[in-house]
Amino acid sequence: MSDAPIQVQCRGSAPRRLATYAREKVAAALGHTGRPVLRAEVWLDRSRDPAVAQPAVAKVEIVLNGDVVRARAAAPTVTEAIDLMQDRLLSRMARVTAR
């Protein structure tokens, strides 16, 4: 992994304190690839609408040596969305690196 910083943006009512948690989860996932990371961005969002069943959304976009890998997850809480996003990111990175 390169030293590309993992940028995290919090939107809506997503707690800003979870930016560090998201950064750690993405960094852990990136540790499983031997390819250079050119860019890593994470977006956290939480809807204020009580009618939304899964109001928390976590999205990530990684550029691995020119290949773009994206993962998105929705859940009842931002923490759960981050955990699901990490699982999906690991799966998608495995497919890209296997090519």
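The shown structure was predicted, so the numbers you read here are calculated from the model rather than taken from an experiment. (Residues numbered from 1 in each chain as written. Predicted model: local features only at pLDDT ≥ 70, side-chain atom pairs only at ≥ 80, totals over all residues. Heavy atoms only, no water.)

*Asks:* If you had to explain the overall build of the chain to someone new, which residues and values would you point to?
*Replies:* Within the chain, the secondary structure is distributed over two helices and four strands. Shown N-terminal to C-terminal, the secondary structure of the chain runs as helices and strands in the order β-α-β-β-β-α. Taking 99 residues into account, the globule formula puts the C-alpha radius of gyration at 13 Å, and the chain, at 13 Å, falls close to it. With the C-alpha coordinates aligned to their principal axes, the bounding extent of the chain is approximately 40 × 25 × 20 Å. Within the chain, the fraction of its 99 residues that count as buried is 40%. Contacts in the chain between residues at least 24 apart in sequence constitute 55% of all its contacts with a sequence separation of at least 6. (Helix = DSSP H or I, 4+ residues; strand = E, 2+ residues; numbered from the N terminus. Rg over C-alpha atoms; globule rule 2.2 N^0.38 Å. Buried < 20%, exposed > 50% of the residue type's maximum accessible area, 1.4 Å probe, protein only. Contact = heavy atoms within 4.5 Å.)

*Asks:* Can you tell me about a positive patch on the surface, naming the residues and giving the values?
*Replies:* Together, Arg11, Lys59, Arg72, Arg88, Arg92 and Arg95 line one region of the surface with positive charge. Structurally, Arg95 can be placed in helix H2 (residues 78-98). (Patch = residues over 30% accessible without salt bridge, like charges linked within 9 Å, V, L, I, M, F, W, Y side chains within 5 Å. Areas by Shrake-Rupley, 256 points an atom, 1.4 Å probe, with all protein chains shown as cover. Salt bridge = Lys/Arg side-chain N within 4 Å of Asp/Glu carboxyl O. Lys, Arg positive; Asp, Glu negative; His and termini not counted. Charge placed at Lys NZ, Arg CZ, Asp CG, Glu CD.)

*Asks:* Explain helix H1 (residues 18-30) to me, using residue names and the numbers behind them.
*Replies:* For H1, which comprises 13 residues, the first-to-last C-alpha distance of 18 Å matches the rise-based estimate of 18 Å (1.5 Å per residue) to within 8%. The secondary structure elements touched by the buried residues of H1 are strand S1 (6-12), strand S2 (37-46), strand S3 (56-64) and H2. (Expected span 1.5 Å × (residues − 1).)

*Asks:* Mind laying out the nonpolar core, listing which residues take part and the relevant values?
*Replies:* Ranked by size, the top nonpolar core spans 31 residues in total, and within it Val26, Val42, Leu44, Ile62, Met85 and Leu89 carry the most contacts. Looking at this core, the elements with two or more residues in it are S1, H1, S2, S3, strand S4 (67-75) and H2. Counting residues per element, this core draws most heavily on H2, which supplies seven residues. (Core = buried A, V, L, I, M, F, W, Y, C linked by side-chain atoms within 4.5 Å.)

*Asks:* Tell me about the pairing of S4, residues and numbers included.
*Replies:* With nine bridges connecting them, S3 and S4 associate as antiparallel partners. Looking at S4, one finds that Val63 is bridged to Val68. In this structure, the hairpin formed by S3 and S4 is closed by a connection of two residues, where Asn65 is found at a positive phi of approximately 50°. (Pairing = 2+ DSSP bridges.)

*Asks:* How would you explain the packing of H1 against H2 if you had to name every residue and give the values?
*Replies:* Where H1 contacts H2, the axes come no closer than 10 Å and their chain directions differ by 20°. Between H1 and H2, the crossing angle belongs to the class labelled roughly parallel. As for the relative orientation of H1 and H2, their crossing is right-handed in sense. Contacts between H1 and H2 involve Leu18, Tyr21, Ala22, Lys25, Val26, Ala28, Ala29 and Leu30 on the former and, on the latter, Val78, Thr79, Ile82, Asp83, Met85, Gln86, Leu89, Leu90 and Met93. For the contact of H1 with H2, the residue count by class is 13 nonpolar, two polar and two charged. (Axes fitted to C-alpha atoms, helices over the stretch in contact; angles between N-to-C directions. Parallel < 35°, antiparallel > 145°, perpendicular 65-115°, else oblique. Left-handed = near helix turned anticlockwise from the far one by under 90°. Nonpolar A, V, L, I, M, F, W, Y, C, P; charged D, E, K, R; others polar.)

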